[in-house]
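# Inside the fold
If you want the building blocks of each chain, they are given just below.
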Amino acid sequence: MHLTHLECPRCGERHPADELQNLCGCGSPLLARYDLAAVAAAVTPEQFGLRPADLWRYRELLPVADPRFVTTLGEGWTPLLRAPAYGHEIGIPDLIVKDEGLTPTGSFKARGAAVGVSRARELGVERIAMPTNGNAGAAWATYAARAGMDATIAMPLDAPTICRRECVAAGADLRLVDGLIGDAGRWVASLVAESGGRIFDAGTLREPYRLEGKKTMGYEIVEQLGWQVPDVIIYPTGGGVGLIGIHKALHELRELGWVEDRLPRLVAVQSTGCAPIVRAFAAGEPRATPWADAHTLAFGITVPAPLGDELILAALRESSGTAIAVDDAEILADLRDFAAREGLLLCPEGAACLTAARQLRAGGWIRPGERVVVLNTGAGIKYPETVDVSGVPTV
């Protein structure tokens, strides 16, 4: 392992990586840092292709030192699927979907859970607790069970039912909260505080290693494109860990010399019913203010006050990217249009990226001939209510 320390992106303070850490004293999430010169000396890009097709192929750039603590269900190495029919329709012939619905728990959250649980296990954690909009809780409950670790998961009452069932099946202590993810977060914070250190807070960006699992999406996109970067990467953004992680991965790859200096423009997609990042980006603000009365059918991006707002906005601006809010009705229309043309049922959050791609191309922000990767962050079959079958005739 080449992990050297944890660093605060806000105040610059360094923290030891061999101790359990949550936020920096200034309130910012911490980022894992590696000896990239040592990584470059230890492995070349060509060697990854000789390794198993999972995210642990990038072990030199991950934070788990002892392989005995690796907790895995085969997560990672999801396909890049070309979408020529839909892409041609919206003016992006080189449109590609990375399908995270094929991960073990049906969403990209399995990446963060695999690495986060593995590192927590290595550092001696016996019980984790976290708030969730659904899929993250299902993933962490599943991987905690795999690791022999206890888990308390708090989620809003309106979260997808399947995620609730996944948590119960994995033996987690599931608590339902009448409110949004912020309300669930406050309940978890109280639980952790009362535990006297017996429960570790594994909430979004409150520990530094979920991000390390999510960043492997960036590594995979580049490796799957022959160590080339696309022009644009479009990501549905709630807590923003996936987007922050991809941005971190791209910068690590550039510092390693494995990609050229030009990096993709990143796009954060939100719903018009909950768009704190879009509002802050448009106003040129470094921080987002909480969104009142948040609601959208793309439940995974219903995060009124993301803890990683600074990091999300910095990633967008550093990459010359943008942020866009899309309407629920258009999300559903694009979800169905894409499924009919390409044979892939996306989750609502993934379909929101299609809507964004279509609108950004129509407005000229995406230019002719550009290669665009959109992230489908979960399996569409986990959201059956997105497809109305009430009008299907009986024969």
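See the structure printed just above.
So, a few notes on the structure that sits alongside this text. Worth saying up front: this structure is predicted, and the values here are computed from it rather than measured.

What counts as what
Residues numbered from 1 in each chain as written. Predicted model: local features only at pLDDT ≥ 70, side-chain atom pairs only at ≥ 80, totals over all residues. Heavy atoms only, no water. Core = buried A, V, L, I, M, F, W, Y, C linked by side-chain atoms within 4.5 Å. Buried < 20%, exposed > 50% of the residue type's maximum accessible area, 1.4 Å probe, protein only. Helix = DSSP H or I, 4+ residues; strand = E, 2+ residues; numbered from the N terminus. Pairing = 2+ DSSP bridges. Contact = heavy atoms within 4.5 Å. Patch = residues over 30% accessible without salt bridge, like charges linked within 9 Å, V, L, I, M, F, W, Y side chains within 5 Å. Areas by Shrake-Rupley, 256 points an atom, 1.4 Å probe, with all protein chains shown as cover. Salt bridge = Lys/Arg side-chain N within 4 Å of Asp/Glu carboxyl O. Expected span 1.5 Å × (residues − 1). Axes fitted to C-alpha atoms, helices over the stretch in contact; angles between N-to-C directions. Phe/Tyr/Trp six-rings, centres within 6.5 Å; stacked < 30°, edge-to-face > 60°. Lys NZ or Arg CZ within 6 Å of the ring centre and 35° of its normal.

## Focus on the nonpolar core
Among the nonpolar cores identified, the biggest contains 57 residues, and Trp258 and Leu316 are the most heavily contacted of them. With eight residues, helix α10 (residues 241-256) is the single largest residue contributor to this core. Of all hydrophobic cores here, the second largest spans 33 residues; its members include Val64, Ala139, Ala151 and Phe200.

## Focus: the sheet that holds strand β1 (residues 3-7)
Spatially, β2-β1-β3 is the arrangement adopted by the three strands of the open sheet, whose pairing is antiparallel. Each edge of the sheet is formed by a strand with only one pairing partner; in this case those strands are β2 (14-15) and β3 (31-34).

## With respect to helix α12 (residues 309-318)
Residues Asp309, Leu311, Ile312, Leu313, Ala315 and Leu316 constitute the buried set of α12. Those residues of α12 that are buried lie in contact with β3, α10, β11 (265-271), α11 (276-283) and β12 (322-326). Where α12 terminates, the next one or two residues include Ser320, which has phi positive at roughly 60°.

## Quick word on a nonpolar patch on the surface
A surface patch of nonpolar side chains, amounting to about 260 Å² of accessible area, comprises Val387, Val389 and Val392. Structurally, Val389 is set in the segment after β13 (372-376).

## Digging into unusual backbone geometry
Positive phi is not limited to glycine here, since Trp77 has a value of about 55°. Tracing the backbone through its elements, the reader meets Trp77 in the loop between α2 (45-48) and β4 (80-82). Given a relative accessible area of 28%, Trp77 falls into the partly exposed group. Of note in this structure, Ser320 is not a glycine but carries a positive phi near 60°. For Ser320, the position within the fold is in the loop between α12 and β12.

## Side note on helix α4 (residues 109-122)
For α4, built from 14 residues, the straight-helix expectation of 20 Å at 1.5 Å per residue is met to within 8% by its first-to-last C-alpha distance of 20 Å. For α4, the tally of buried residues reaches twelve of 14 residues, placing the bulk of the element in the interior. When α4 is considered as a whole, its buried residues turn out to be Ala110, Arg111, Gly112, Ala113, Ala114, Val115, Gly116, Val117, Ser118, Arg119, Ala120 and Glu122. Of the surrounding elements, those touching the buried residues of α4 are β1, β5 (95-99), α5 (135-147), α8 (210-214) and α9 (216-224). Gly124 occupies a position one or two residues after α4 and carries a positive phi of about 95°.

## Comments concerning the sheet that holds β11
Read from one edge of the open sheet, six strands run β4-β5-β13-β10-β11-β12, paired in mixed fashion. Strand pairing shows two members of the sheet lacking a second neighbour, β4 and β12, which therefore form its edges. The mean angle between the axes of side-by-side strands here comes to 25°, regardless of whether they run parallel or antiparallel. Alignment of strand β10 (residues 232-236) against β13, held across three bridges, turns out to be parallel. Looking at β13, one finds that Ile233 is bridged to Val373. Its contacts with the sheet place α10 against β10, β11 and β13, and it is angled at close to 175° to β11.

## Examining the pairing of β1
Side-chain positions along a regular strand alternate between the two faces of the sheet. With four bridges joining them, β1 and β3 adopt antiparallel strand pairing. Residue pairing across strands places Glu7 opposite Leu31, the latter belonging to β3. Direction of pairing for β1 relative to β2: antiparallel, over a ladder of two bridges. Within β2, the residue paired with Leu6 across the bridge is His15. Hairpin remark: β1 followed by β2, antiparallel, with six residues in the connecting loop; positive phi at Gly12, about 85°.

## Thoughts on the packing of aromatic side chains
A full pass over the atoms with the stated rule returns seven aromatic pairs. For the pair Phe48 and Tyr58, a centre-to-centre distance of 5.1 Å together with 55° between the ring planes defines the contact as tilted. With a gap of ten residues between them, Phe48 in helix α2 and Tyr58 in the loop between α2 and β4 connect regions that are remote in the sequence. A residue is classified by how much of its surface remains accessible, and Tyr58, at 1% relative accessible area, is buried. Consider the rings of Phe108 and Tyr235, whose centres lie 5.8 Å apart with planes at 80°: the pair is edge-to-face. Placement of the pair is Phe108 in the loop between β5 and α4 and Tyr235 in strand β10, with a sequence separation of 127 residues. A connected cluster of aromatic rings, assembled from ring pairs, spans Phe48, Tyr58, Tyr219, Trp227 and Trp258. The positively charged end of Arg57 is found above the aromatic ring belonging to Tyr58, 5.9 Å away from the centroid.

Geometric descriptors of this kind do not, in isolation, establish any biological role.
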